[in-house]
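# Structural description and commentary
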Amino acid sequence: MNVESETVNQLPRIGSSAPDFTAQTTHGQLSLSDFKGKWFVLFSHPADFTPVCTTEFVAFQHIYPQLKEEGVELLGLSVDSVSSHLAWIRNIEQNFNLSIEFPVIADLDRKVATSYGMIMPDESQTETSRAVFVIDDNQKVRSIIYYPLTTGRNMDEIVRLVKALKTTDKHKTPTPANWNPGDSVLLSPPKTHDDMKVREQQQDLECIDWYLCKKRLP
């Protein structure tokens, strides 16, 4: 197996353990272990002092209080230095009258970005992509989203995704397309004929067919 294939095989997948890291950030040194027992969203951006990334940082700060209400922390990353991050954050605060409260990793050696698969060589050999990793309180990767360099992310979807994952964990139910808090959730398909018969007799379900049923959460 060549080195490139070996590296690809080691990239995190949904359900795998989050790669360990220790890095300098705008809030001092942080490690994966600092988030033990907590959910957090780790996102990368291509570069400081760039138009799309600036709009994203403003937007990430706007959703940060919503994430914290869900018990979820936020952590940014790019290959720029701490000094660059601090200067850019100050610039954002001056231009938008907004404090950036979450830490940002300075990944100069690209160790964190490489371990998380945040660099897309065919798009850029140096900049990190617009990646989003949702990592749960057991330090398992629960979701991975990638955006190209040219496209800013949808923050409402990131919040919706986090709430859907936590709802699934709490109630052991999947969520349908376009689900939002307060909407009905789905039931997993019955596994036996008896399960199917029992489900048909339940009055609190909205069943379209034997395998597709919804229910309201209490």
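Residues numbered from 1 in each chain as written. Predicted model: local features only at pLDDT ≥ 70, side-chain atom pairs only at ≥ 80, totals over all residues. Heavy atoms only, no water.

Operational definition: UniProt positions are given in the numbering used here, feature names are shortened, and annotations may be inferred rather than shown by experiment.
An unreviewed UniProt entry lists the protein under the name Peroxiredoxin, with Falsibacillus albus as the source organism. Word for word, the UniProt comment on the protein under Catalytic activity (unreviewed entry) is "a hydroperoxide + [thioredoxin]-dithiol = an alcohol + [thioredoxin]-disulfide + H2O". Taken directly from UniProt, the Subunit (unreviewed entry) text for the protein runs: "Homodecamer. Pentamer of dimers that assemble into a ring structure."

## Digging into the pairing of strand S7 (residues 141-147)
As a general feature of sheets, a regular strand has side chains that alternate between the two faces. Cut-off, in case you're wondering: The criterion for strand pairing is that DSSP finds at least two bridges linking the strands in question. Helix numbers and strand numbers start at the N terminus; a helix is a DSSP run of H or I with at least 4 residues, a strand a run of E with at least 2.
For strand S6 (residues 130-135) and S7, the ladder comprises six bridges, and the chain directions are antiparallel. From the neighbouring strand, Arg 130 faces S7, where its bridge partner is Tyr 147. Here S6 folds back onto S7 in antiparallel fashion, the turn holding five residues, of which Gln 139 has a positive phi close to 60 degrees.

## Thoughts on the side chain of Asp 80
The test is simple: We call a residue buried when its accessible area falls under 20% of the maximum for its residue type, exposed when it is over 50%, and partly exposed in between, using a 1.4 Å probe and counting protein chains only. Charge counting follows a simple rule: Lys and Arg are positive, Asp and Glu are negative, and His as well as the terminal groups are ignored. For this analysis, a salt bridge means a side-chain nitrogen from Lys or Arg found within 4 Å of a carboxyl oxygen belonging to Asp or Glu. Pairs of N or O atoms within 3.5 Å make up the polar contacts considered here, provided that, within protein, one atom can donate a hydrogen while the other can accept it, and that residues adjacent in sequence are counted only when both atoms are side-chain atoms. We call two residues in contact when some of their heavy atoms are within 4.5 Å.
Inspection of the secondary structure puts Asp 80 in the loop between strand S4 (72-78) and helix H3 (82-96). This buried residue, Asp 80, is left without a salt bridge; Arg 130 holds the nearest opposite charge, at 10 Å. A polar contact is formed between the side chain of Asp 80 and the backbone nitrogen of Asp 48, at a distance of 3.0 Å. In this structure the side chain of Asp 80 is engaged in a polar contact, spanning 2.6 Å, whose partner is the side chain of Ser 78. Contact partners of Asp 80, with chain neighbours within four places excluded, come to His 45, Pro 46, Ala 47, Asp 48, His 85, Ala 106, Asp 107 and Leu 108.

## What to know about the side chain of Ser 143
Within the secondary structure, Ser 143 sits in strand S7. Once residues within four sequence positions are removed from consideration, Ser 143 is found in contact with Ile 14, Val 132, Phe 133, Val 134, Leu 161 and Leu 165.

## Considerations on the pairing of strand S3 (residues 39-44)
The following threshold applies: A crossover counts as right-handed when, viewed with the strands pointing away from the observer, the path leading from the first strand over the helix to the second turns clockwise.
Summarising burial for S3: six of the six residues are buried, a large majority. Going residue by residue along S3, you find Trp 39, Val 41 and Phe 43 tucked away on one face and Phe 40, Leu 42 and Ser 44 tucked away on the opposite face as well. The β-α-β motif built from S3, the intervening helix H2 (residues 51-69) and the parallel element S4 has right-handed crossover chirality. Summarising the sheet, S3 and S6 pair through four bridges and their orientation is antiparallel. Along S6, the bridge assignment pairs Phe 40 with Ile 135.

## Description of the UniProt feature "binding site: substrate" (unreviewed entry) in the protein
Mapped onto the present numbering, the UniProt feature "binding site: substrate" (unreviewed entry) falls at Arg 130. With respect to the secondary-structure elements, Arg 130 resides in strand S6. Those residues within four positions of Arg 130 in sequence are excluded, and the remaining contacts are Ser 44, Pro 46, Val 52, Cys 53, Glu 56, Ile 145, Tyr 146, Tyr 147, Pro 148, Leu 149, Thr 151 and Arg 153. Reaching out from Arg 130, the side chain makes a polar contact with the side chain of Glu 56 at a distance of 2.8 Å.

## A look at the nonpolar core
Under the convention used in this document: Nonpolar cores were defined as sets of buried Ala, Val, Leu, Ile, Met, Phe, Trp, Tyr and Cys residues, with membership established by side-chain atoms within 4.5 Å.
The biggest cluster of nonpolar side chains holds 29 residues, and the ones touching the most others in it are Phe 57, Phe 60, Leu 74 and Phe 102. Where this core is concerned, the elements lending two or more residues are S3, H2, S4, H3, S6, S7 and helix H5 (155-171). What Phe 102 contacts, discounting residues up to four positions off in sequence, is Thr 26, His 27, Phe 43, Phe 57, Phe 60, Gln 61, Tyr 64, Leu 74 and Gly 76.

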